[in-house]
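# Fold and contact review
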Amino acid sequence: MRIELPVNAERFGSNLFYAVQKVFELDGGIDTDDAFSNPFHVVRKISAEELFAIERDMAVIIPIKDERLRLLEGVLCGIPHACFPIILSNSQREPIDRYRMEQAMVDNFCRFAKKKYAMFHQRSADLAEVFKKGGYHDLLGEDGLVRNGKAEGMIAAIVLARLLGKKYIGFIDADNFFPGSVLEYVRLFSAGFSQAKTEYSMVRVQWHSKPKIIDSELFFARLGRVTRITNQFVNQLLSLHTGFESDIILTGNAGEHAMSMDLALALDYSSGFSVETNHFVNMLEKFGGVLPTTHPEVMRNGVEVFQMQSRNPHFHEATKGDDHLKEMIEGSLSVLYHSPLCPETLKKEILHELKRHKIISASKKEPTNPRRYPSLSKMNFEKAAKVLDWEKHSNMPNV
Ligand code: GDD
């Protein structure tokens, strides 16, 4: 792969946010080229070996809830062979057991592809037991099972990836129409990590475009509504603290993102669809130097966030309606609003924005504060590992 070097970066305490990087060639060729090792060159070539070495250590997490099986199959097809897929499903069990259908398809696919996988239902007693034994009760609801929600599925899968000994985790939504774009996202994750100088790194994908049909014609929109609003307010928060206006963040709520395991274990999480925006807010809070940190080792080493622009357009299931978009905007803006770093002026603007779009009612004093989950570093992974029956939830034998 050949990628542009980041043109600039914004620092906030120990966080380094790099500007979006563009891909020049998805396949950068096998020849070593002396001209490209010149430190003054603006394009970096990342060899297939480098990408492969990272992918071998990467679990790709696919959160899924009642998506079409064909889409999930396409996503699996796009994941490089070296990566380990973890499918974390919250699909319905009754009256039709969609999870069983997903399981049968995944198992069959992976038999043909000769690929290892793990698959869990979010609401299974087995998964809940991992958290009970590991002493991380925050994720469990009153019924003793892992709570509903996309973030909750992602957090559960991070723990599974940690138990598998993975160094990196990437997230890919299950409703993607193009296996080729899935492959590109994972390659972008690896390309991002290959540049990292610290163990605490994150890679976020900025979609090149999101096609829509307008007047029977394809229109390649650059940003979705949720993304546009989220980016604006994340940048404002950053700018108000640094004193310099910035528009560096273009991946405020990127669903397609990846983290080093070290960073994933240090972050706190928020529920549902606020989770991706909260990554930024939490990094600013924990490693920004304004508030006391719970992770001095991360402060010392620094955090790097790479934003990579994909070349494939993002084509996904887009029939989830206006209420779904509103829920995502409220989730994203509320984690900004409720942050101790959010200045009063920004709070007022967020409230105004939410009311203007009729996302919250005019009489509401503040957006609903999403549930928070403390960092997974407090979990006892040794104890959790003892109750995991991999044979039942994967095509691997227990070890
Ligand atoms: N395990 C699990 N549990 N998965 C879920 C749940 C849940 O409760 N809810 C949704 N999912 C899965 C969906 O099946 C899909 O694969 C993925 O999570 C994303 O959910 P969507 O409902 O399709 O979200 P979206 O496409 O509107 O928004 C995506 O992109 C945004 C950025 O524009 C999401 O990734 C957002 O989180 C992201 O901010």
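Refer to the structure presented above.
Each value, and the rule that gives it
Residues numbered from 1 in each chain as written. Predicted model: local features only at pLDDT ≥ 70, side-chain atom pairs only at ≥ 80, totals over all residues. Heavy atoms only, no water. Salt bridge = Lys/Arg side-chain N within 4 Å of Asp/Glu carboxyl O. Helix = DSSP H or I, 4+ residues; strand = E, 2+ residues; numbered from the N terminus. Buried < 20%, exposed > 50% of the residue type's maximum accessible area, 1.4 Å probe, protein only. Polar contact = N/O pair within 3.5 Å; in protein donor to acceptor, adjacent residues only side chain to side chain. Contact = heavy atoms within 4.5 Å.

### Remarks on the pattern of salt bridges
The tally for this structure, following the rule as stated, stands at 17 salt bridges. For E55, the salt bridge is made with R187, and the minimal N-O distance between the two is 3.0 Å. One end of the pair, E55, is in helix α1 (residues 48–55); the other, R187, is in helix α6 (residues 179–194), and 132 residues separate them in sequence. In this structure E55 comes out as buried when scored by relative accessible area, which is 2%. The exposure class of R187 is partly exposed, given its relative accessible area of 26%. Residues K364 and E330 are paired through a salt bridge, measuring 3.7 Å at the closest nitrogen-oxygen approach. Of this pair, K364 sits in the loop between α12 (344–356) and β16 (372–373) while E330 sits in helix α11 (residues 321–337); the two residues are 34 residues apart in sequence, bridging distant segments of the chain. For E330, a relative accessible area of 15% puts it in the buried group.

### Concerning the side chain of Q195
Structurally, Q195 is set in the loop between α6 and β10 (200–206). One polar contact links Q195 to Q21, side chain to side chain, over a distance of 2.8 Å.

### As for the environment of F287
Its place among the elements puts F287 in helix α9 (residues 275–287). For F287, a relative accessible area of 0% corresponds to the buried category. When the C-alpha atoms of F287 and G302 are compared, they prove to be 8.0 Å apart, with 15 residues separating the residues in sequence.

### Things to note about unusual backbone geometry
That bond from E94 to P95 is cis: its omega, -5°, falls within 30 degrees of zero. Relative to the elements of secondary structure, P95 occurs in the loop between β7 (84–89) and α3 (98–113). A positive phi angle is found at D215, which is not glycine, with a value near 50°. Relative to the elements of secondary structure, D215 occurs in the loop between β11 (210–214) and β12 (217–221). Using a relative accessible area of 69% as the deciding quantity, one classes D215 as exposed. Of note, K358 is a non-glycine position whose phi angle comes to about 55°, a positive value.

### Points about the environment of V60
Take V60: it is sitting in strand β6 (residues 58–64). Given a relative accessible area of 0%, V60 falls into the buried group. Distance from V60 to Y185, taken between C-alpha atoms, is 11 Å for residues 125 residues apart in sequence. What V60 contacts, discounting residues up to four positions off in sequence, is I79, C83, F84, P85, I86, G170, I172 and V186.

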